[in-house]
Amino acid sequence: MNNQPLESISIAQPHPVNTSLRQKMALALVAVGLLFVLVTWASRQVWNPLLSLTGSLVTLSVGTLWYAFETYKGSLPGIKNNGVMFRSLSNRGVWGWMVGVFITAFYVCLYWFPKMLGGLVQMFDPLSMFIRGRAADQWFVYGTFYTLAVLLLGVKFMLKYRHNRYQQIRTISVMFFQLGFSFLIPAWMLLMNQPEFYFTYFWPLKYDYLFPNTVNWLTNSYAHLGVFLVFWGAVMSFIAVPVLTYFFGKRWYCSWVCGCGALAETAGDSFRTLSDKSLSAWKLERWLIHSVLVFIIITTILLWANSWKQGAILGEYSMGFSKTYGFLIGSMFSGVIGTGFYPIFGNRVWCRFGCPQAALLGIFQKFFSRFRITTNGGQCISCGNCSTYCEMGIDVKSYAQRGQDIVRASCVGCGICSAVCPRGVLRLENGSVDLMDRAKYPE
Amino acid sequence: MKIVIIGNGIAGTNAARFIRKRTDHQIIMISEESWQPYSRTALMYVYMGHLKLKDTHLYEDWFWEKNCLERIQSRVNRVDIHKKQLQLQDGKTLEYDKLIIACGSRPNKFGWPGQSLKGVQGLYHLQDLESMEGSTLDILAAGKNARAVIVGGGLIGIEMAEMFHSRHIPVTFLVRENSFWNQVLPPEESDMINRHIREHGIDLRLNTELKEITGDAAGKVSEVYTNHGDRIACQFAGLTVGVSPNIEFLKESGIKLNRGVLVNEWLETSEKDIYAIGDCAELQQPDSGRRAIEAVWYTGRMMGQTVAQTICGVKTAYKPGIWFNSAKFFDIEYQVYGDVPAVLPAHLETLYWEHPEGRKSVRINFEKNGGAVTGFNLMGVRYRQEVCEKWIKERTPISQVLENLSLANFDPEFFRQYESEILDQYNRQNNTNIRLSSKRSRNQVSRFLSNLGQQSNA
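Small disclaimer: the values here were computed from a predicted structure and weren't measured.

Calculation notes
- Residues numbered from 1 in each chain as written.
- Chains lettered and ligands numbered in written order.
- Predicted model: local features only at pLDDT ≥ 70, side-chain atom pairs only at ≥ 80, totals over all residues.
- Heavy atoms only, no water.
- Helix = DSSP H or I, 4+ residues; strand = E, 2+ residues; numbered from the N terminus.
- Rg over C-alpha atoms; globule rule 2.2 N^0.38 Å.
- Buried < 20%, exposed > 50% of the residue type's maximum accessible area, 1.4 Å probe, protein only.
- Contact = heavy atoms within 4.5 Å.
- Areas by Shrake-Rupley, 256 points an atom, 1.4 Å probe, with all protein chains shown as cover.
- Lys, Arg positive; Asp, Glu negative; His and termini not counted.
- Charge placed at Lys NZ, Arg CZ, Asp CG, Glu CD.
- Domains from an automatic or database assignment.
- Buried area = accessible area lost by both parts, 1.4 Å probe.
- Salt bridge = Lys/Arg side-chain N within 4 Å of Asp/Glu carboxyl O.
- Pairing = 2+ DSSP bridges.
- Axes fitted to C-alpha atoms, helices over the stretch in contact; angles between N-to-C directions.
- Patch = residues over 30% accessible without salt bridge, like charges linked within 9 Å, V, L, I, M, F, W, Y side chains within 5 Å.
- Polar contact = N/O pair within 3.5 Å; in protein donor to acceptor, adjacent residues only side chain to side chain.
- Nonpolar A, V, L, I, M, F, W, Y, C, P; charged D, E, K, R; others polar.

Novice: Before we go on, may I ask you to explain the overall build of chain A in this structure?
Specialist: Looking only at helices and strands, chain A features 20 helices and two strands. In terms of overall size, chain A behaves like a compact globule, its C-alpha atoms giving a radius of gyration of 23 Å where 443 residues would be expected to give roughly 22 Å. Overall, the C-alpha framework of chain A stretches about 65 × 60 × 35 Å when taken along its three principal axes. Taking all 443 residues of chain A together, the buried fraction comes to 57%. Put simply, of all contacts in chain A between residues at least 6 apart along the chain, 75% involve residues at least 24 apart. For chain A, the accessible area works out to roughly 19,000 Å², and carbon and sulfur atoms hold 71% of it. Charge separation in chain A, taken as the distance between the mean sites of 36 positive and 18 negative side-chain charges, equals 4 Å.

What follows is the structure in structure tokens.
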């Protein structure tokens, strides 16, 4: 309360005005759903898993959707970021910290103390039996909540940007890939006693898909399908990534397909302003993300060399490598910091500072892609909306106000800078004619 | 050499930046208003909570030190052109070798009764925003009777209306003309904005002037009276009836003034080594069709860049080129390229297309003789500045422009394109059969624009 006005100048506490009764009722419904979740989380033995599950998911979903409709129904389509800088949730206020701690605690339980999830896993048994043909585990619980968050808050995002077809189509795409390729298809593969395979994740993000162990396991245990899956992974990593990035920039993956991106763009939308826009953050980003990429490349090469020499190089350390990486990067970075800290560091911390796939896509995007964000002549008024709402922490304004097009490795092409620009200055484009002059200074 | 710049708005800041690019001269910027140069046009977004103040800063904090741009936060009381010296508010003096005056504007007040009451103000400076925040407390304290009255149908007026609207404060908007901003916007566009203002629940009163503002015992505004005798209870009155150069402190200096600081085409004032740029500069001989004082972000920026060249020894005339401007009226973006007068002159024809929902439109003006295009007016549709400029500069005939209209489209990908509707309308009205010959494509735009370089070099 005491330092907020200095930053936003607002002293009139504008936020609480006009939360309608219906919005409050919708939020109450969400709270009931959460209560279901918390009670089962706390209990050892779940009372009627099917009813509990249905009760919690239905109230959560209906409440969230109802709230979203109520929020946007009264206003005309357009950019309505009113009060974003005053709100506790989106501004590292009390709500922001509470949500951050809650999600972080969930991740800690999920990764390291799954037993502490108590009856929550059991509650999901009916759903898991239905689509996977086996009892639930903590990953299934996580996957369901994750997918639900993408779908529900994806609908909210689409309502918010209902005037913007790029945002609508892009959001349908991430919802589709999350539900289909990151949730249903892996589940159905399990149901048919096949490997739980994620077609939309590849090396180096899903680093172990090209590790010798995985390749051997897939080809030995699943015959033709296994060979196909290994082949699929290799083709995606080494052919699809460079080719598609050449044509469309890294956005084809990061903000259209990837599940991490899906959550960031939907559930994480409220936190996009929290990304650090400073030059020093950019420096840190380049060091960190490329270190992770190098680490994975070296690990992969070592593991293959080791496997070729039949364990002579690494000996028993070979498992250690992937385990260390899994703990530090897979769990700590992408899970706890990447998602748990959404309300503190913004919604793309993992994608910006840690994701090796983003690093690789970024290198292609920077040096060999048709993609750029075009600045419309001299129309920029330096207002700062583009930079502020850039989830990747790119200081878009610093380019736009010089009339320069933007070519940055980290840009995921979400298109929000272009959407929030009040003067129509920015446009995401692909073009090959001026490939090497994309970022040139205008005369 | 020591260069002093009075004012750190976009004109002054850009002058400093471009002088630094070319030279190692000492550069000092003086501003009373703000230590950090910021984007004035973004003030509204700070009030609306889209941005924090620091988000509007033109550059990160390290920029000024790294580029050796010295800053002084003070007010200049007097300019002594003989001693080449400034007297600052705190009693200090500051010598200069070259002086750039970029002190901007201040809101107009036309001597209305009650214009000095608390809660009556314009919107130009950071301090105006702060006092608006203070008044917001008073407005909200009025509960169900809360209301802000805004006087003046221009860009700042509608911004202020949007600002209050974002905080759920009812607004009455008094506009003297019979349609919003119709000195600048053609009738159809102006009417579109009238409707748009009203669909936000703003009480827009056209043909209405302010007569008097009255206050309560505490000296706060309590009522506004219009020329129709209406009485409007309110806790805030915004006066947004234009701005004037902020040149009071130069009255005694000997520098030739009119409404602004008079400058020639090199932005030089009557006195040697003193230049004026931005809102406060008044061109003695503006280009045809342009005004002597253009208090616009873009012209300020261009003047800053131009004067920097001159000061660095490359004497450069101020050539603003093809007129352009932009704004946003609530949810409707506005762009204009070239000359689109409010009243169509006899030698011009206009093609006006409006979307059935009434929140998008495209207007293309062209000459009756020969069809050369002269201007584009866009509402809710984004067009490319370089493409439009090239067509206007090269006097491209309307038929050719229409064939290639997709090249100008700058809306985001997947947005509905209206080029064929616009063409249909032209064809119907003129009994022609023009077809779109190109699709929207970045490659085509690149080719089209690089063409320009070759032609103008030849």
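Novice: Before we go on, may I ask you to explain the domain arrangement of chain A in this structure?
Specialist: You'll often see interface size given as the accessible area lost when the parts meet. All names here are of chain A. The domain architecture assigned to chain A consists of domain 1 (4-200) and domain 2 (370-437). Computed over C-alpha atoms only, the centres of domain 1 and domain 2 are separated by 31 Å. Across the contact, 10 residues belong to domain 1 and nine residues belong to domain 2. For the domain 1 and domain 2 pair, buried surface summed over both sides reaches about 660 Å², with 58% attributable to carbon and sulfur atoms. Of all residues in domain 1, Ile 79, Asn 81 and Tyr 166 bury the most surface against domain 2, accounting for 44% of the area lost on that side. Taken together, the connections running from domain 1 to domain 2 amount to zero salt bridges.

Novice: Whenever I open this one, the sheet that holds strand β4 (residues 76-80) of chain B confuses me. Can you help?
Specialist: Strand-to-strand pairing in sheets goes through backbone hydrogen bonds, with the strands running parallel or antiparallel. Residues and elements named next belong to chain B. Spatially, the three strands line up as an open sheet ordered β4-β5-β6, and their pairing is antiparallel. Of all the strands in the sheet, just β4 and β6 (93-95) have a single pairing partner and so form its edges. In this sheet, neighbouring strand axes are inclined to one another by 20 degrees on average, regardless of whether the strands run parallel or antiparallel. As defined by bridge partners, β4 adjoins strand β5 (residues 85-88) across four bridges and the pair is classed as antiparallel. Paired with Val 79 across the two strands is Leu 86, which belongs to β5.

Novice: Looking at this structure, how should I read the pattern of salt bridges?
Specialist: Pairs may arise between side chains of opposite charge once their charged atoms sit close together. Applying the stated criterion to the full structure yields 43 salt bridges over all chains. Between Arg 272 of chain A and Glu 391 of chain A there is a salt bridge, with the nearest N and O atoms lying 3.6 Å from each other. Taken together, the positions of Arg 272 of chain A in the loop between α12 (259-266) and α13 (279-308) and Glu 391 of chain A in the loop between α18 (385-388) and α19 (396-400) put the pair 119 residues apart, joining distant regions of the chain. For the pair shown, Arg 272 of chain A and Glu 391 of chain A are each scored as buried. With its nearest N and O atoms 3.5 Å apart, the salt bridge here joins Asp 55 of chain B to Lys 54 of chain B. In this structure Asp 55 of chain B comes out as buried when scored by relative accessible area, which is 15%. Taken together, the shared-partner salt bridges in this structure form one network comprising Lys 160, Arg 170, Glu 265, Asp 269, Arg 272, Arg 348 and Glu 391 of chain A.

Novice: Would you take a moment to explain a nonpolar patch on the surface for this structure?
Specialist: Judged by side-chain polarity, Phe 238, Ile 239, Val 243, Phe 247 and Phe 248 of chain A come together as a nonpolar surface patch covering roughly 470 Å² of accessible area. Structurally, Phe 238 of chain A can be placed in helix α10 (residues 223-248).

Novice: What am I meant to see in the interface of chain B and chain A here?
Specialist: Listed as interface residues are 65 residues of chain B and, on the opposing side, 68 residues of chain A. When chain B packs against chain A, close to 5,400 Å² is buried across both sides, 50% of that on carbon and sulfur atoms. Considering only the side of chain B, the residues that lose the most area to chain A are Glu 413, Phe 414 and Arg 442 of chain B, jointly responsible for 13% of the buried surface there. In this structure, the salt-bridge partner of Asp 331 of chain B is Lys 80 of chain A, at a minimum N-O distance of 3.3 Å. There are 38 residue pairs in polar contact (both at pLDDT 80 or more) connecting chain B and chain A. For the side of chain B that touches chain A, the element with the most residues is helix α4 (residues 126-141) of chain B, which contributes eight residues. In terms of residue class, the side of chain B that touches chain A is built from 24 nonpolar, 18 polar and 23 charged.

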